[in-house]
Amino acid sequence: MPLPTVNVKAVPRFWQLPLATLLERLNTSSDGLSDAEAAARLAYFGPNVIHGERRQALIFQFLAKFRNPLVIILLIASIISALTGDSASFFIISTIVIISVTLDFVQEYRAGQAAERLRQSVAVRGTVFREGRLLEILPAEMVPGDIVFLSAGDLVPCDGRVLEAKDFFVNQALLTGEPFPVEKASIELPEEPDILAAGNVVLSGTSVISGTAKVIMCLTGKDSELGSISDTLLAQAPPTAFEQGTRHFGLLIMRMTILLVLFVLLVNALFHRPWLESFLFAVALAVGLTPELLPMVVSVTLSRGALRMAADKVIVKRLASIQNLGSMDVFCTDKTGTLTEARIHLERHIDPLGHESARVLELAYLNSFFETGLKSPLDDAILEHKEIEVTKWRKIDEAPFDFERRRVSVLLDNGETRLIVVKGAPEDILRLSVSYDEEGKDNIQPLDQASLERVNAQYERLSKEGFRVLGIASRQVGMDHEHAVVNDETELVFAGFAVFLDPPKESAKAALAGLAADRVAVKIVTGDNELVTEHICKRLGLPITGILTGTEIQNLDDSALLARVEQANIFCRVAPAQKNRVILALKRRGHVVGYLGDGINDAPSIHSADVGISVDSAVDVAKASADMILLKQDLGVLHAGVLEGRRTFGNVMKYIMMGTSSNFGNMFSMAGGSLFLPFLPMLPIQILLNNLLYDVSELPIPLDRVDDDYLNHPRHWDINFIRNFMLIIGPISSIFDFFTFYIMMAVFHAGEKLFHTGWFMESMATQLLVIFIIRTRRNPFKSRPNPWLIACTLTVLAVAVLLPLLPAGRLLGFVVPPAAFFLVLTAILLAYLVIVEGVKQWFFRRFAPE
């Protein structure tokens with residue numbers, strides 16, 4: 001690969017350089033780079049990412065699995081065995097360790113690859129010029145010298161210099177804290193010392209509010225302004241409740257493991273048993289207690305869940321968010337596209353008195369046609385009226401839409417008249433108007449109190465009928481008026497209303513009922529007024545428990561809002577900052593909150609929610625903030641995702657419940673047995689084999705079915721529930737183990753090898769068969785396991801029972817037990833399973849009545 005023909009160090013203070021000089025130093029042109037040059041620069045400068053994920057070679061990823069302290073101890077122990085002449089132990093321990101690590105690595109790697117493919121399918125892309133051609137590529141593949149095309153809704157991928165711009169406004173609050181959009185243009189600023197104040201620069205991580213621009217990329221990745229402060233500005237997302245729960249569970253098991261291991265070492269030291277054998281026994285005991293498969297089970301279960309959700313048109317970008325979706329008990333969304341069809345049609349265009357008005361349509365069309373911000377569905381509906389003549393008009397300037405003003409203005413000229421045309425929220429347009437145009441015939445009347453009441457009554461009637469309404473107004477200015485600014489939006493002449501119909505979505509009614517049945521409260525957070533929103537909710541059967549408007553939220557402090565958000569389920573006429581306050585207030589009340597949004601204004605709320613959701617058609621800034629992307633904007637798809645999240649959580653909990661009951665009980669029995677037995681209850685090699693076989697039997701857990709009644713309400717991590725389950729169910733296993741010890745010693749007069757064989761069989765059989773009881777809260781005969789789980793478990797059980805009967809069993813220290821033992825084993829198993837089922841039913845009635 002040839003070296004690139006540029007060095008970014010050659011363009012310091014690039015915003016101060018003359019544009020021609022900058023293009024020369026970056027060795028590029030307005031047509032962009034060649035494909036070969038772009039490839040060379042990508043290889044040289046690296047991907048355009050702030051915090052790139054360093055991917056190790058597969059061999060190093062595999063070797064990293066051996067850094068587990070328990071694995072290291074086992075390998076050291078196997079080497080010591082070899083050095084002391086016990087080559088059989090060396091071979092068996094090493095083989096078991098390698099098989100266990102390989103299983104873990106292969107499953108996690110495949111899960112990670114599947115999840116990555118899903119993330120890439122919805123990755124944000126940008127538009128660059130390469131050899132004069134427009135190409136869509138990943139921002140990570142963009143390099144210094146690329147020419148990028150930006151438009152409303154795009155994320156800026158670099159620090160760059162504006163080559164061309166048309167009404168180009170950028171929100172750079174991420175870097176400057178300034179909440180209002182900043183206009184950028186292709187200008188020379190040789191004396192400007194501060195890049196953040198430069199009006200000819202766009203900065204990585206900021207977002208485009210309106211307009212279009214061509215930008216030359218100057219600094220990428222860590223060289224950008226964002227990259228230089230990313231460690232402090234881009235804080236890592238806090239761990240989810242699920243991640244915290246698995247960590248607490250790991251700590252619980254670690255404490256139990258340390259106590260049991262120290263106890264075993266102390267007992268064996270008191271009995272003067274061989275130190276190497278005692279050490280290996282303690283290590284094997286620690287391995288048996290450690291949930292070493294938990295990371296694999298979690299990652300595989302989550303990736304399986306992501307694949308199933310992808311089949312239901314939901315793409316998961318952050319795997320941990322699947323469990324959060326299952327825990328979600330409050331879902332916030334706008335109504336457009338989720339509760340309504342988003343097929344908006346301009347039904348009427350009327351003057352202030354309710355008469356059809358061609359003048360209203362003309363003004364609305366001119367405003368939508370000439371504005372350069374992100375076109376809304378309302379604009380698209382207006383622009384379907386192609387009969388409006390626009391050729392005689394030219395645009396002079398624009399005051400772009402923002403979510404505080406809730407309106408957009410364009411300054412137009414037709415050679416005879418210069419006109420400011422304003423379109424926006426009716427209540428704001430009326431507030432700024434001083435007169436109105438009766439019947440659209442330049443019959444200008446003062447907008448006095450009586451007229452204002454009539455116009456507002458007209459607006460209210462339309463809203464109650466479920467129509468969405470925009471106010472249209474204008475003002476004639478002098479021919480020397482060169483700029484459109486916010487201060488020009490005064491003393492307007494109110495022209496009338498553009499009236500739109502967005503019918504309720506048929507599928508939404510069933511989805512809302514399903515979410516309510518599964519205990520997810522739906523709250524509507526919208527910029528529309530309360531009358532329209534109430535109409536839609538009534539049509540869809542969504543009960544209204546309370547309404548809060550943006551004005552009311554503005555007058556509430558955080559503690560007062562905290563008290564009001566619980567009851568209200570309709571939030572109307574809210575600004576972006578108010579949406580975010582609602583989300584944060586709900587979280588502070590202990591709810592797990594999901595938020596669905598697709599606009600520029602939704603990004604902060606998507607980021608603040610526990611589960612940020614967007615749609616495939618959303619703007620880049622919204623998609624980049626989201627944890628999940630809906631390929632189909634339908635609440636039914638989201639409801640299916642909620643159930644999948646609960647299903648995923650349920651399967652992870654199965655593994656944990658198994659590890660904290662039968663597995664814990666068996667390891668506890670080994671520790672207890674070492675107190676009164678004249679030999680170790682089981683050889684270290686046999687414990688490791690027991691653990692390996694049990695792990696293999698649990699591999700299909702991510703595929704298992706979850707009972708329907710488990711899915712009917714949100715699931716949250718509860719470490720106290722897990723601990724209680726372990727302390728109640730686990731000892732039952734130990735009781736039957738100790739009974740087995742008694743039978744082996746008192747009835748069969750077992751020596752060391754026969755004892756090891758008998759207890760190995762009983763231990764494996766109880767651990768494996770109890771899987772079918774613990775995996776469900778129901779009667780196990782009324783809950784069907786996945787066929788792979790049945791097959792795998794029974795196969796492992798057959799291996800455990802047959803192994804002592806084969807020649808290979810002798811190498812592991814087993815002998816063939818007497819035939820009567822199998823009758824005793826069957827009786828023990830039946831009694832154990834019946835008692836565990838009875839105690840399980842009592843436990844769930846007592847500690848988990850749901």
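The shown structure was predicted, so the numbers you read here are calculated from the model rather than taken from an experiment.

Caption draft 1: Fine view of the pattern of salt bridges. Evaluation of the coordinates by the stated rule reveals 31 salt bridges. Here Glu-644 ties to Arg-308 by a salt bridge, and the two come within 2.9 Å at their closest N and O atoms. Taken together, the positions of Glu-644 in helix α24 (residues 635-659) and Arg-308 in helix α11 (residues 294-311) put the pair 336 residues apart, joining distant regions of the chain. Accessibility expressed as a relative area gives 28% for Arg-308, which makes it partly exposed. Asp-602 is the partner of Lys-579 in a salt bridge, and the nearest nitrogen-oxygen pair spans 3.1 Å. Here the residue Lys-579 occupies a position in helix α21 (residues 576-588), and Asp-602 occupies one in the loop between β21 (593-596) and α22 (603-608), the gap between them amounting to 23 residues. Asp-602 carries the same exposure label as Lys-579, and that label is buried. Through salt bridges with shared partners, one network takes in Arg-406, Glu-427, Asp-428, Arg-431, Glu-530 and Arg-573.

Caption draft 2: Examining the nonpolar core more closely. Counting residues in each nonpolar core, the largest one holds 139 residues, and the members touching the most others are Leu-325, Phe-331 and Phe-571. In terms of residues, this core owes the most to one element, α24, which gives 11 residues. Dropping the residues within four chain positions of it, Phe-331 is found in contact with Val-520, Ala-521, Val-522, Lys-523, Gly-594, Leu-596, Ile-613, Leu-635 and Leu-638. By size, the runner-up hydrophobic cluster in this structure holds 25 residues, among which are Val-360, Leu-412, Ala-495 and Ala-498.

Caption draft 3: Fine view of the packing of helix α26 (residues 684-697) against helix α30 (residues 787-802). Their axes nearest at 8 Å, the elements α26 and α30 cross at an angle of 160°. Between α26 and α30, the angle falls in the class roughly antiparallel. In this structure, the crossing between α26 and α30 has a hand that is right-handed. Residues Leu-693, Val-696 and Ser-697 of α26 form the contact with α30, whose own contacting residues are Leu-789, Cys-792, Thr-793, Val-796, Val-799 and Ala-800.

Caption draft 4: Local environment of the sheet that holds strand β18 (residues 521-525). Strand order in the open sheet formed by eight strands is β8-β23-β22-β21-β9-β18-β20-β19, and the pairing between neighbours is mixed. Strand pairing shows two members of the sheet lacking a second neighbour, β8 (314-316) and β19 (547-549), which therefore form its edges. Along the sheet, successive strands turn relative to each other by an average axial angle of 20°, direction set aside. Bridge count between strand β22 (residues 611-615) and strand β23 (residues 628-630): three bridges; the pairing is parallel. The residue bridging Ser-614 from the neighbouring strand is Ile-629, located in β23. In the packing of helix α18 (residues 530-540) onto the sheet, contacts are made with β18, β19 and β20 (570-572), and the angle to β20 comes to roughly 150°. Running over the sheet, α21 touches β9 (330-333), β18, β20 and β21 and is turned about 160° from β21.

Caption draft 5: Region of interest: helix α16 (residues 449-464). Taking 1.5 Å of rise per residue, 16 residues should cover 22 Å, and α16 covers 22 Å from first to last C-alpha, within 8% of that figure. Here α16 has its buried residues at Ser-451, Val-455, Gln-458, Tyr-459, Leu-462 and Ser-463. The arc that holds every buried residue of α16, seen down its axis, measures 135°, which confines them to one face. Backbone geometry just after α16 places Gly-466 at a positive phi near 90°.

Rules and cut-offs
Residues numbered from 1 in each chain as written. Predicted model: local features only at pLDDT ≥ 70, side-chain atom pairs only at ≥ 80, totals over all residues. Heavy atoms only, no water. Salt bridge = Lys/Arg side-chain N within 4 Å of Asp/Glu carboxyl O. Helix = DSSP H or I, 4+ residues; strand = E, 2+ residues; numbered from the N terminus. Buried < 20%, exposed > 50% of the residue type's maximum accessible area, 1.4 Å probe, protein only. Core = buried A, V, L, I, M, F, W, Y, C linked by side-chain atoms within 4.5 Å. Contact = heavy atoms within 4.5 Å. Axes fitted to C-alpha atoms, helices over the stretch in contact; angles between N-to-C directions. Parallel < 35°, antiparallel > 145°, perpendicular 65-115°, else oblique. Left-handed = near helix turned anticlockwise from the far one by under 90°. Pairing = 2+ DSSP bridges. Expected span 1.5 Å × (residues − 1). Arc of directions from axis to C-beta.

Interpretation note: all reported values are geometric properties and have no functional meaning in isolation.
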